[in-house]
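# Chains, contacts and geometry: an overview
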Amino acid sequence: MADIQFSTMAKSLYRSEIRELLKLTRQPDTISFGGGLPDPAIFPYQAVEEASLKVIRERGRLALQYSPTEGEPFLKKQLIDYMERQGENVTATNMVVVASSQQGLDLLAKIFIDPGDPIIVEKPTYIGAIQAFRAFRADFHGVELDFDGIVPEELEKTVIRLLEAGRKPKFVYLIPDFQNPSGITLSYERRVRVLEIASQYDLIIIEDTPYRELRFQGESLPSLFSMDKEERVIMMKTFSKIFSPGFRIGWIMGPGSVIDKLVMAKQGTDLCTSAYISFLAAFLLEARQVDRQVVLSRGLYKVKRSVMLAALERFMPSDESISWSKPEGGMFLWLKLPDYIDTLELLKEAVEKNVAFVIGKGFFTDGSGGNTIRLNYSFPTEKQIVEGIERIAQLVSKRLRVPVMQ
Ligand SMILES: Cc1ncc(COP(=O)(O)O)c(C=O)c1O
């Protein structure tokens with residue numbers, strides 16, 4: 001066997017717990033609250049079949065070819081129109097199509113992060129972003145979240161602390177809408193404040209918004225991207241949660257200089273996003289199938305969220321140190337258990353009972369969060385939600401310490 005010498009980056013790579021868990025979701029007898037998967041029952045199979053034929057019949061010569069790195073122009077046009085319907089103003093030079101947001105995160109890391117560079121993230125934050133940024137050896141600074149999103153005072157303190165040490169953060173990475181993992185949304189007042197802080201300290205914000213359209217309760221809030229008057233917000237979007245993750249289509253919008261660098265970085269990664277899938281996505285956008293899918297998903301996930309909340313109310317033991325978020329959209333709910341419950345141990349028992357969830361710890365960059373769990377409600381059926389929550393609640397009850405009466 002050869003003496004294989006990996007790079008420093010390769011040595012720091014690790015497997016994502018979520019992706020490992022996704023394997024479980026393919027086992028028919030396991031109830032999975034694990035991945036952030038759309039419900040396959042509502043995938044628009046027929047519309048995709050019809051659009052696939054259209055791609056080959058009408059655009060075959062281009063669809064089976066390489067396409068421009070910045071994105072197939074026909075798709076970009078459809079994406080710009082779609083974003084306009086979402087209230088966002090974008091031009092072709094301010095957008096690059098990527099092979100979904102995960103590639104976007106990797107490319108953003110590639111163009112912004114030198115080893116040891118400080119970056120600011122929410123605490124907790126998306127595990128895949130941690131994975132992407134860690135590969136480039138970012139120095140993470142987590143800022144507390146409460147039920148209204150990132151706490152601006154804490155954000156400002158972190159920025160000041162870093163600036164005083166002569167270390168300007170490369171960017172602030174935020175998931176303002178129905179955050180992964182917590183399901184929490186950044187309030188309007190805080191959006192204003194976050195942008196003020198960014199302006200005051202000259203910071204770049206990466207706004208990752210895969211769940212934004214999936215609001216099923218309450219009022220829609222403007223994106224940071226639309227509120228930004230200083231070209232300091234980079235917005236990331238993906239087909240994955242609003243249509244299908246199988247497409248691997250995403251798009252990044254931001255200042256021309258950033259888009260330019262992303263295009264150069266992407267050339268070294270994959271030359272271009274699949275032209276065939278780009279045309280398919282474009283036809284589906286043109287026919288408003290994506291808009292339709294969003295409406296359908298919202299309705300279904302609202303019901304499933306309510307079923308999960310009701311099951312938690314019914315089965316979870318009442319204890320003041322047990323709480324959960326009440327998302328107004330998206331796919332996730334965040335469960336906090338007493339500090340002394342290690343959710344990794346709980347997961348091992350749960351898997352034996354054929355239930356899977358994601359332990360919260362992986363979403364923290366400082367090793368905390370050992371008592372937290374992310375629960376996905378979009379993928380399991382309503383019946384599975386009730387059964388799965390009952391099983392988890394039983395395991396929690398067993399571990400609960402009964403307060404000693406004095
Ligand atoms: C916040 C966030 N960003 C990015 C992604 C990656 O999505 P994709 O690569 O499927 O577009 C996810 C997926 O769960 C996510 O929740």
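Now for a description of the structure that goes with this document. Keep in mind the model is a prediction, meaning the values are calculated, not measured.

Cut-off values and rules
- Residues numbered from 1 in each chain as written.
- Predicted model: local features only at pLDDT ≥ 70, side-chain atom pairs only at ≥ 80, totals over all residues.
- Heavy atoms only, no water.
- Helix = DSSP H or I, 4+ residues; strand = E, 2+ residues; numbered from the N terminus.
- Rg over C-alpha atoms; globule rule 2.2 N^0.38 Å.
- Buried < 20%, exposed > 50% of the residue type's maximum accessible area, 1.4 Å probe, protein only.
- Contact = heavy atoms within 4.5 Å.
- Areas by Shrake-Rupley, 256 points an atom, 1.4 Å probe, with all protein chains shown as cover.
- Salt bridge = Lys/Arg side-chain N within 4 Å of Asp/Glu carboxyl O.

### Let's talk about the overall build of the protein chain
In terms of helices and strands, the protein chain carries 14 helices and 14 strands. Here the protein chain has a C-alpha radius of gyration of 21 Å; the compact-globule value for 406 residues is 22 Å, and the two agree. The dimensions of the protein chain, computed from C-alpha atoms along their principal axes, are 75 × 60 × 55 Å. When burial is assessed residue by residue, the protein chain has 56% of its 406 residues classed as buried. Long-range pairs, those at least 24 residues apart, make up 75% of the contacts in the protein chain with a sequence separation of at least 6. Element-wise, carbon and sulfur atoms account for 52% of the exposed surface of the protein chain, whose accessible area totals about 18,300 Å².

### Quick word on the pattern of salt bridges
If you walk through the whole model with that rule in mind, you get 26 salt bridges. The partner of K170 in a salt bridge is D117, and the shortest N-O contact between them spans 2.6 Å. Here the residue K170 occupies a position in the loop between α7 (152-164) and β6 (172-174), and D117 occupies one in the loop between α5 (100-112) and β3 (118-123), the gap between them amounting to 53 residues. Across the pair E144 and K123 runs a salt bridge, and its minimum N-O distance is 3.3 Å. With E144 in strand β4 (residues 139-146) and K123 in strand β3, this pair connects stretches of sequence that are 21 residues apart.

### Quick look at unusual backbone geometry
A negative phi angle characterises most non-glycine residues, just as the trans form characterises most peptide bonds. The step from K123 to P124 runs through a cis peptide bond, and the omega angle for that step is 10°. Note that P124 resides in the loop between β3 and α6 (127-135). At the junction of N180 and P181, the peptide bond is cis and its omega measures out at 20° in the coordinates. Relative to the helices and strands, P181 is located in the loop between β6 and α8 (188-200). The backbone of S100 sits at a positive phi, close to 75°, despite the residue not being glycine. Locating S100 in the fold gives a position in helix α5. We note that R248 has phi near 55°; this positive angle belongs to a residue other than glycine. Looking at where R248 falls in the secondary structure, it is placed in the loop between β8 (233-238) and β9 (250-253).

The analysis is restricted to geometry; functional conclusions fall outside its scope.
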